[in-house]
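This is what each chain is made of:
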Amino acid sequence: MAAGYLDILRARHAARLLAGTLVGRLPNGTAPVAIVLFTRAEGGSYALAGALAAVYGLATAVGQPLLGRAVDLYGQPRVQLPAAVVSALGMALLALTGLGSLPLAYVAVTVAGVFTPPLEGGLRALWPSVLGGQDRVHRAYALDAVAQEVMFTVGPLLVTVLVSLWSPAAALLVINATGVLGALSVVLSEPSRAWRSAPREAHWLGALRSPGLLALLGSFFFVGLALGSITVAGVAYADDHGRESVYGWLMAALGLGALIGGAVYGARQWAGAPERRLRVIVALLALGYLPLMLTPGVVAMTVLAAVAGVFLAPAIACSFIVVDRHAPRGTVTEAFSWLVTTFGVGAAVGTAVAGPAVELGGTSWSFAVAAAGGVAALLVLLATGKVLAVPGRTAVAVQGSENDRNGAVEPGFSSGHQA
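To keep things clear, this report deals only with the structure shown in the data block. Please read these numbers as outputs of a predicted model, since none were measured by experiment.

Conventions and cut-offs
Residues numbered from 1 in each chain as written. Predicted model: local features only at pLDDT ≥ 70, side-chain atom pairs only at ≥ 80, totals over all residues. Heavy atoms only, no water. Helix = DSSP H or I, 4+ residues; strand = E, 2+ residues; numbered from the N terminus. Buried < 20%, exposed > 50% of the residue type's maximum accessible area, 1.4 Å probe, protein only. 1 Å grid on protein atoms, 1.4 Å probe; cavity = no way out; pocket = protein on both sides within 12 Å on 5 of 7 lines; lining within 4 Å. Points joined across faces, edges and corners; volume = space filled by probe spheres on them. Nonpolar A, V, L, I, M, F, W, Y, C, P; charged D, E, K, R; others polar. Patch = residues over 30% accessible without salt bridge, like charges linked within 9 Å, V, L, I, M, F, W, Y side chains within 5 Å. Areas by Shrake-Rupley, 256 points an atom, 1.4 Å probe, with all protein chains shown as cover. Salt bridge = Lys/Arg side-chain N within 4 Å of Asp/Glu carboxyl O.

Attention shifts here to unusual backbone geometry. For H13, which is not glycine, the phi torsion reads 80° and is therefore positive. Looking at the secondary structure, you find H13 in the loop between α1 (2-10) and α2 (14-24). A positive phi angle is found at T295, which is not glycine, with a value near 40°. Mapping T295 onto the fold places it in the loop between α13 (274-289) and α14 (298-309).

Below you can see the structure in the form of structure tokens.
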């Protein structure tokens, strides 16, 4: 297993691109925690902290596909680095001016969110040209998904360390300055400077004119909803058991399960079309969420959380390849950015829905929201099976996509042209 991942990291530029992207995404991965801690330190309420974090999340959701389209049109360096700088300046404005003017605070988080660089989509667009081989690209997608879990686990911890050493304002400044350095590392690399999107057909819908991509986005909205609801449900479960540390154990178990699942998934080659495999993985993901509604004792619940996380990273990794197969030619970065946006919006909705569910029916109801999200994600994939099964048969799908051009397909199936 480890040998396959080492092979990826030994490829020229691969380790630099992966590390640079993860560091560049730290501001986005830590923003909710950093904003809440900063707002509370400034004397703001939890309601204000939540509102500022929500505005940042919505702004990011708007900005990612727009910036992704700009990357496809103008290249990575001309978009990624300026966006990272402007986003960091937005957070710096919040850190330096505080909450003395609430309209200015909202403007600051909006700017920071809208200009969050689409490094995640940009990295996935680079993998085929960096790695070449089909099985290596497949494994890189899995490694990417696993690395995300590490970032979202280590990032908030890093924020709390910076806050304890200095202050929440200093944490905002340091994290965002570090993010700019990560983006700089990526855009100065040879693959990023040389990468050009395939010629694209002018269309105002861009990547969204692909029915297959729309189907996938619909499904992953509900995957995001499930994951977002678990964060609230975990807090409610910890409150029921009178220990805040329980929440940390549950989230750590969920992340550990995802790490294990992603590592195992990426360690082997898979035969067959990824669309069919994605349905199986999402079905197992939904199945893993169902037992959480039982809310047993802490030890058993921690084990169930780890099991529930096992199929998350494989689902994300498999979705990357499905996106690449269905993205219209010349829109690959935008398409990946739409996946990030849809997942994030779903998570925000899940967080919003789980709160009232706790009030109405208790902790088990909030975990039921997660289970319902997983089932809904599966139903979308089942209902759109015909659309997803033929990525090359419609005029708007992967006709000449980057996936075909660069060979970024998994072993065991032919390109969409022969589907």
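Having seen the structure, we can now continue with the description.
One can find L214 in helix α11 (residues 211-240). Residue L214 is classed as partly exposed on the basis of its relative accessible area of 43%. Through-space distance from the C-alpha of L214 to that of A335 is 9.8 Å; in sequence the pair is 121 residues apart.

The tally for this structure, following the rule as stated, stands at 3 cavities of 30 Å³ or more. In this structure, the largest cavity spans a volume of roughly 100 Å³. Elements with a contribution of two residues or more to the lining of the largest cavity: α3 (26-41), α5 (77-97) and α9 (168-187). Tallied by class, the residues present in the lining of the largest cavity amount to 7 nonpolar, 6 polar and 1 charged. I230, G234, L250, M251, L254, L292, M301, A305 and F367 together form the lining of the second largest cavity. Among the secondary structure elements, those contributing two or more residues to the lining of the second largest cavity are α11, α12 (245-266) and α14. Here the element with the most residues in the lining of the second largest cavity is α12; it accounts for 3 residues. The residue makeup of the lining of the second largest cavity, split by class, is 8 nonpolar, 1 polar and no charged.

This next bit is on a nonpolar patch on the surface. A contiguous nonpolar surface patch, about 670 Å² in accessible area, is contributed by V280, L284, L287, L290, M293, V375, L379 and L382. Secondary structure elements with two or more residues in the nonpolar patch: α13 and α17 (363-383). Within the element layout of this structure, L290 appears in the loop between α13 and α14.

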